[in-house]
Structures are given as C-alpha cells and as structure tokens.
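Topology and contacts: notes
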Amino acid sequence: MLTTRVFSLIGKRAISTSACARAHGSVVKSEDFSLPAYVDRRDYPLPDVAHVKNLSASQKALKEKEKNPWNSLSIDEKVELYRIKFNESFAEMNRSTNEWKTVVGAAMFFIGFTALILMWEKRFVCYL
C-alpha cells in the first residue's frame, strides 16, 4: 500500500515536472499589471495612458508640432493626435451594434428546442 502511494506521488511529480519543462520551451511576453493600462470605456472617459505607446517618426513630429498653436494644425493632424491618445471616440463607443439580434435569436432557439424536447417527452410518455 505504501509503495503504490509512493509511486503515485513520484508519477504525479514526474508528469508535472515534464509539463513545466515543456511550457518553458518558448518565450512568452507577459504584461506588467503594476503599470496603468489603456481602457476604452464610456464610464471611464480619460484613460491613464495613451493608446499608442511606441510612436513612429511621423507621430513624434506631429507631437512636436502640437506644442505650437493649434490654429496651425489641420483637421487631419488633429484627428491623428486624437488617435494617438484614444482608440475610439464617444460616438464610436455609443454606436449601436447588432448584438441584440444574436441574443434574441439564441434565446428563441433554446426556447424552441426546449419546447420540442417537452413535446417529444409528452408524446413518448403517451405511448407507454
């Protein structure tokens, strides 16, 4: 009895060790959750960090141009500056989606499927 217990523990240890060794075979980047993260939510309108973290050369030039008066910026440049800071505008966040159609369709499917099962059971019980 003791030997089977020892072998089972050794076997579990060997399996878990081999699984860990396989998991470390590739490099996986993990996020640092101690730093603030970007979120696009209606109830949290000003995220702690900008949407774009690593700026390209043209975006860096645009950020330098931002320090001058905003009258000199074109509308496209202002939009590009906005897109550096935010992923979506309030209008884009508030636009209607067709998700309700999926929810209603799935609910109708399950109601119909349940009704079909209940009718089948009732028919099956009647013949017994």
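Conventions we followed
Residues numbered from 1 in each chain as written. Predicted model: local features only at pLDDT ≥ 70, side-chain atom pairs only at ≥ 80, totals over all residues. Heavy atoms only, no water. UniProt positions renumbered as here; feature names shortened; annotations may be inferred. Axes fitted to C-alpha atoms, helices over the stretch in contact; angles between N-to-C directions. Helix = DSSP H or I, 4+ residues; strand = E, 2+ residues; numbered from the N terminus. Parallel < 35°, antiparallel > 145°, perpendicular 65-115°, else oblique. Contact = heavy atoms within 4.5 Å. Nonpolar A, V, L, I, M, F, W, Y, C, P; charged D, E, K, R; others polar. Patch = residues over 30% accessible without salt bridge, like charges linked within 9 Å, V, L, I, M, F, W, Y side chains within 5 Å. Areas by Shrake-Rupley, 256 points an atom, 1.4 Å probe, with all protein chains shown as cover. Salt bridge = Lys/Arg side-chain N within 4 Å of Asp/Glu carboxyl O.

By the naming in an unreviewed UniProt entry, the protein goes by Cytochrome c oxidase subunit 4 and is assigned to Pipistrellus kuhlii. The record held by UniProt for the protein lists under Function (unreviewed entry) the comment "Component of the cytochrome c oxidase, the last enzyme in the mitochondrial electron transport chain which drives oxidative phosphorylation." Reading the Pathway (unreviewed entry) entry of the UniProt record for the protein gives the comment "Energy metabolism; oxidative phosphorylation."

**A look at the packing of helix α2 (residues 57-66) against helix α3 (residues 75-85)**
Where α2 meets α3, the closest approach of the two axes is 10 Å, and the angle between their N-to-C directions is 110°. Taken together, the axes of α2 and α3 are roughly perpendicular relative to one another. Contacts between α2 and α3 pair Gln59, Leu62, Lys63, Lys65 and Glu66 from the former with Glu77, Glu80, Leu81 and Ile84 from the latter. Of the residues contributing to the contact of α2 with α3, the split by class is three nonpolar, one polar and five charged.

**Points about a nonpolar patch on the surface**
A cluster of nonpolar side chains, namely Phe109, Phe110, Phe113, Leu116, Ile117 and Met119, defines an oily patch on the protein surface of about 650 Å² accessible area. Mapped onto the secondary structure, Phe109 falls in helix α5 (residues 99-127).

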